[in-house]
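# An overview of the molecular structure
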Amino acid sequence: MKSKVALTVFLGLVVAVLIFFNLRAILRPAKYEAVYNERCELNTNRLTSILLLQELYHERYHCYASHIDTLIDFYENGVLISINSRENPPKDSLTDEKFMEKFMNMTMKQREEHGYVVFDTTETSVKMRMESELAEKNAKKDGNLITMDEFYYIPYTKTKYKIETSAADSVITKFAVYVPIENLMANFNESLPKSFLTKGFYNHMDDVYNPEVKKKSLKDLREIRNFTGLQLGDTTVNSLEITAYGAAH
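Residues numbered from 1 in each chain as written. Predicted model: local features only at pLDDT ≥ 70, side-chain atom pairs only at ≥ 80, totals over all residues. Heavy atoms only, no water.

### Describing the side chain of Ser49
- Note on placement: Ser49 falls in helix 1 (residues 2-61).
- When its relative accessible area of 0% is taken as the criterion, Ser49 is described as buried. (Helix = DSSP H or I, 4+ residues; strand = E, 2+ residues; numbered from the N terminus. Buried < 20%, exposed > 50% of the residue type's maximum accessible area, 1.4 Å probe, protein only.)

What follows is the structure, given as structure tokens:
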């Protein structure tokens, strides 16, 4: 009788272990993909902020910022200037057909020389403009909204995005931002469940992204073989597999 009980307990343990490993085999690949998609969305949101800022910076200075700190200062303190012109002929001349005929045949330069054109200058803070730009972007989003909170940091790290700029010719400049997969998935454990029950399923998943860990799981490496880094803007790197920032400016 005791032997039957012991056998039942043993078989129960075997079944439990098999169920555990089967669940582990199912949950780990799904969790890798879920974390990867989450990180991609978070980074894409911040890269969108950087792109919008670069467009405004280009509008202001006719070139792209070459360093993220420059964009931070531009966002915090920058001002955009717009100049609008409006026609301003003398009021008593509006009923003078001869004058109006002459006025209509004037070039813009001639109207300026005679003081018949007024220029109005308007200043708008970059913060206000970004608020408007992001409101428009977020109105079309279903997921996490784009904000300016720590837009300069790669999520889950205190590493700032690095900007590379290059001049295609004497007039046109380009910029790019690279997010290598190691940076994209840094501090992987921060995205994993913290409960004791689930730790067994997700234990050591961060090893594949931890450069300090020498021994890595080949099985887990196969699960992430299609994951790549992100890039923004024009680039001289024609590769989907982004593995390094390259030279920072």
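Additional details are given in the paragraphs that follow.
### Considerations on the environment of Ser191
- Structurally, Ser191 can be placed in the loop between helix 6 (181-184) and helix 7 (196-202).
- Here Ser191 falls in the buried class, since its relative accessible area comes to 14%.
- In this structure the C-alpha to C-alpha distance between Ser191 and Tyr36, which are 155 residues apart in sequence, comes to 9.7 Å.
- For Ser191, the side chain forms a polar contact with the side chain of Arg39, separated by 3.0 Å. (Polar contact = N/O pair within 3.5 Å; in protein donor to acceptor, adjacent residues only side chain to side chain.)

### What about the confidence of the model for the protein?
- Here the protein averages 79 in pLDDT, and 74% of its residues register 70 or above.
- No element of the protein has a lower mean pLDDT than helix 4 (residues 108-113), which averages 73, and none a higher one than helix 2 (residues 68-77), which averages 96.
- In the model, residues 236-249 has pLDDT below 50 throughout and makes 35 contacts with residues more than four positions away in sequence or in other chains. (pLDDT = per-residue confidence, 0-100. Contact = heavy atoms within 4.5 Å.)

### Focus: the packing of helix 2 against helix 5 (residues 126-138)
- Orientation of helix 2 relative to helix 5, taken along the N-to-C sense of each, is 95°, at an axis distance of 6 Å. In terms of axis orientation, helix 2 runs roughly perpendicular to helix 5. On helix 5, the residues touching Phe74, Tyr75 and Glu76 of helix 2 are Val126, Lys127 and Met130.
- A class-by-class count of the residues in the contact of helix 2 with helix 5 yields four nonpolar, no polar and two charged. (Axes fitted to C-alpha atoms, helices over the stretch in contact; angles between N-to-C directions. Parallel < 35°, antiparallel > 145°, perpendicular 65-115°, else oblique. Nonpolar A, V, L, I, M, F, W, Y, C, P; charged D, E, K, R; others polar.)

### Details of helix 5
- Here helix 5 is 13 residues long and its end C-alpha atoms lie 18 Å apart, about the 18 Å a rise of 1.5 Å per residue gives.
- Among the residues making up helix 5, those that are buried are Val126, Met130, Leu134 and Asn138. Taken end-on, helix 5 shows its buried residues confined to a sector of 95°, consistent with a single buried face. In helix 5, the exposed positions angled more than 90 degrees off the buried face are occupied by Met128 and Glu131. (Expected span 1.5 Å × (residues − 1). Arc of directions from axis to C-beta.)

### A word on the pairing of strand 4 (residues 173-179)
- Of all seven residues making up strand 4, five are buried, and the element is well covered by its neighbours.
- Two strands pair when backbone bridges link them, and strand 4 and strand 5 (residues 230-233) are joined in this way by four bridges, in the antiparallel orientation. Bridging across to strand 5, Val179 finds its partner in Leu230. (Pairing = 2+ DSSP bridges.)

### Topic: the packing of aromatic side chains
- Taken as a whole and judged by the stated rule, the model has nine aromatic pairs.
- An angle of 5° between the planes, with centres 4.1 Å apart, marks the rings of Tyr36 and Phe227 as stacked. Pair noted here: Tyr36 is in helix 1 and Phe227 is in the loop between helix 8 (218-223) and strand 5, with a separation of 191 residues, a long-range link.
- Using a relative accessible area of 12% as the deciding quantity, one classes Tyr36 as buried.
- In this structure an aromatic cluster arises from ring pairing among Tyr75, Phe151, Tyr152 and Tyr153.
- For the cation-ring pair, Lys31 lies above Tyr202, with the distance from its terminal atom to the ring centre recorded as 5.5 Å.
- Lying over the aromatic face of Tyr156, Arg39 brings its terminal NZ or CZ to 3.9 Å of the ring centre. (Phe/Tyr/Trp six-rings, centres within 6.5 Å; stacked < 30°, edge-to-face > 60°. Lys NZ or Arg CZ within 6 Å of the ring centre and 35° of its normal.)

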